Amino acid sequence: MADVSLKEAALIVGVVAACYWNSLFCGFVFDDVSAILDNKDLHPSTPLKNLFQNDFWGTPMSEERSHKSYRPLTVLTFRLNYLFSELNAVSYHFLNLVFHVVVCVVFLKVCKLFLDSRSSVVASLLFAVHPIHTEAVTGVVGRAELLSSIFFLAAFLSYTKSKGPDNTIVWTPIAVTVFLVAVATLCKEQGITVVGICCVYEVFVAQGYTLPVLLDTAVQILRGKGSIPFSMLQTLLKLIVLMFSTLLLVVVRVQVIQSQLPVFTRFDNPAAVSPSPARQLTFNYLLPVNAWLLLNPSELCCDWTMGTIPLVESLLDVRNVATLTFFCFLGSLIVFSLRYPGDSSKTVLMALCLIVLPFIPASNLFFPVGFVVAERVLYVPSMGFCILVAHGWKKLSNKSVLRKISWVCLAAVLFTHALKTLHRNWDWESEYTLFMSALKVNKNNAKLWNNVGHALENEKNFERALQFFIQATQVQPDDIGAHMNVGRTYKNLNKTKEAEESYMIAKSLMPQIIPGKKYAARVAPNHLNVYINLANLIRANESRLEEADQLYRQAISMRPDFKQAYISRGELLLKMNKPLKAKEAYLRALELDRTNADLWYNLAIVYIELKDPTEALKNFNRALELNPTHKLALFNSALLMQESGDARLRPEAKQRLLHYVKEEPQDANGYFNLGMLAMDDKKDMEAEAWMKKAIRLQPNFRSALFNLALLYSQTAKELMALPILEDLLRYYPDHTKGLILKGDILMNQKKDIVGAKMCFEKILELDPKNVQGKHNLCVVYFEERDLIKAEKCLVETLALAPHEEYIQRHLNIVRSKIASLGATEESSLPADGTATAAAEEKKNSFQNSKDVKNEQKTTQTTVDNNKGHSKNKKRTEKNNMDKETPKKSTKEIKDIEKKRVAALKRLEEIERILNGE
């Protein structure tokens, strides 16, 4: 076996680099989104064992919606990419390019087993530049083909060393082969087919048998005229070991998928659900279609599902001629390779094995697959095709008459293929370019129209997206998904009526429930989302909540294990103020999936509604155990700890808020609540810094502005509070507490009676029954020495709050003063005393109603949609409305009492002064 020279390897590396350099500029498109962007198995926080429990897309193999594609080693390489570069697409494409180079070099080594050195290089170069490979190389998910091919070829090369001197068996290469076959299979399922190639190689190449010789030997043995030769017994032993190993791999593979085949719809593979003879005729016709793609890769398409290739429904269909021609040509090559001895027949035979055997899993002959044609599955079969072409070229170039023509043709093929590959790579630059290029090849595939719509939808270009979605419904009127897409886009365009009509059409296309028949066997599980989407749409109308609940229950009745229906229904039940039923819904969903952090989070929200903060915190913690970066659980659990009043929980609350702001550095709410914690801990400077950061991110942050001003007023920095209050009142002119605080500072610090009076009068315009504002206005009248007006004002204030003793005392003081002065207008009172008393009362009032906890983010529920759908997070009002603190800690209450007592003592002193005068 000839080795690959450094010169040959350098040539291959250069050619591959020249053809695929632009693939480095492509992004994640099509299946890459599910396999890379949406696959949590890539994240370092996900246990490695999950890679061996989930399918290629990150879905547990036990779930019915699983694709059953078990490729843990391929996912492991994605995870390594993520570890070094996270979601930087360049590194993923670069590694694919490297793997393609490795495959080409190893393939060259395999070619040298059957071809001369020059022809082997030709085959390898043709394989390197063939445009059919762009999907496998430029599409990141094509790495499964690349990795599987490396170990596929390595396993075959290892097996070729199992024949020792004098036809003895060398077991080490066989053991290595079995191991490499297992590895190849863990990269992609077709890796197991190398065992069949090894068997054919052993019988017809290593042992040199031909079909006539084998038949003659079998006849002799059956007639009792001979025995099995020793060399043949050795061959049988090797084949038995290979087949037993293969059987073991198959058994393990069946156990992994739990003896369940994936569920596909008629849209994925129409022929698979068609009656005879359309099913057989179509599947047979697909074989020459794939062969034609290898011969003439001029029109390539990323998606050949749905109506791309119309069904062959009759024997009179002219396409049957192509099928017949293909089988005649293939049959003649098989007869030639099996009947005649010689190197040429062996080369043809091995080329045919490489074409046929790896293609069998995708052929629909033994089980249906989820596609009609897929270019990437031709990656390994194209090896056999390239060997055939190189072998034919060798035959032509050896004839002097055709030598020059053969070289010219070879150069033309290599150049045009390389150019096509380079141009085809740009199609994979984005989803929009990819699917638009596909529509140029085929306009009868509704899925392509849908995918272009999705690409435009991701760019928020809903108007254009709607056009493509509508076109999809026209191409395939019974496509449920297309009508769902139309409905969703209408919803995004705020056209609720049209959206509901589209969802109703999609719902009408759903199969009716058949008693005793499993629903999932007749329709794709994700189509059940039509009930979820429709319910989510109509529940925006408060009068239709029961109707929405009925839709959720209908989806659950169709599939009791439909987790998303329970989640969405739980959210609705919370909205309907039915927390106990919401709890039941979430608990049922948790029975189906206990590893879903969002479910534990939602259950925590239910316990908050049930006034059970202890259980709520437990469920928040459970969510964070499963997902330490769960943003909503971090934030709301920190708020819960803060509101508990338990000082022991504050350090943990702070850590969670710090984690939250690390995850959401642009969310001012995180910094605001860190400021709240600092105020609770009497860390005024730290609180000031957090508040300022929140305001920088959100200049109109109502609560941060007020509480920063309040912080200044409580730390003897009243004049610093004024510009903050000016900003607050510019954004929110009706902020009553801000007006009270500003008036207090103006009256007591700035001695600006006019400005203070304007603040208090503004409060009474907004709320004529505001006791604080009215009382402070009474103080202003007293400052203005208008005792009659002050008396009248205090009488009105006392009527509003007859239980407030300090108002009665102030009224008594004013009346006493009026009486003592004998109605004299020019009395000289130490007005500062009364103003100060009022100020003390106001400060007391501020401290009682301290707004530090009143502007916190309200709890939220999260809906975990199925794959391909984004998460919906139901958020109630977020930090923009003042509200009173639900409850205060014991320490806070004691502080307030101390301040109230101090204020009352001060008031008594002032009263004594006034009475003494």
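The structure presented is a predicted model; accordingly, all values stated were derived computationally and were not measured.

1. Observations concerning the state of the cysteines
Point 1. Counting across every chain of the model gives 1 disulfide.
Point 2. Across the disulfide from C778 sits C793; the S-S distance is 2.0 Å. Between C778 and C793 the sulfur-sulfur dihedral comes to about -80 degrees; the bridge is accordingly left-handed. Linking C778 in helix α36 (residues 771-783) with C793 in helix α37 (residues 787-800), this pair joins segments that are 15 residues apart in sequence. Each member of the pair, C778 as well as C793, is classed as buried.

2. Looking at the packing of aromatic side chains
Point 1. Within this structure, the stated rule accounts for 21 aromatic pairs.
Point 2. Residues F114 and F156 carry aromatic rings whose centres are separated by 6.3 Å and whose planes lie at 35 degrees to one another, so their mutual orientation is tilted. Of the two residues, F114 sits in the loop between α4 (89-111) and α5 (117-129) while F156 sits in helix α7 (residues 143-159), which places them 42 residues apart along the sequence.
Point 3. Look at F114 and you get buried, because its relative accessible area is 13%.
Point 4. Plain terms: the ring middles of Y731 and Y732 are 6.5 Å apart, the flat faces sit at 50 degrees to each other, and that makes the pair tilted.
Point 5. Accessibility expressed as a relative area gives 36% for Y731, which makes it partly exposed.
Point 6. Take Y732: its relative accessible area is 15%, and that puts it in the buried class.
Point 7. Taken together, the ring pairs connect W21, F25 and W426 into an aromatic cluster.

3. A closer look at the confidence of the model for the protein chain
Point 1. In the predicted model, the protein chain carries a mean pLDDT of 85, and 86% of its residues have values of at least 70.
Point 2. This stretch, residues 518-522, has a pLDDT under 50; its non-local contacts, to residues over four places away or in other chains, come to 14 contacts.
Point 3. Here residues 896-917 is modelled with pLDDT under 50, and outside its nearest four sequence neighbours on either side it reaches 34 contacts, counting other chains as well.

Cut-offs applied
Residues numbered from 1 in each chain as written. Predicted model: local features only at pLDDT ≥ 70, side-chain atom pairs only at ≥ 80, totals over all residues. Heavy atoms only, no water. Disulfide = S-S within 2.5 Å. Helix = DSSP H or I, 4+ residues; strand = E, 2+ residues; numbered from the N terminus. Buried < 20%, exposed > 50% of the residue type's maximum accessible area, 1.4 Å probe, protein only. Phe/Tyr/Trp six-rings, centres within 6.5 Å; stacked < 30°, edge-to-face > 60°. pLDDT = per-residue confidence, 0-100. Contact = heavy atoms within 4.5 Å.

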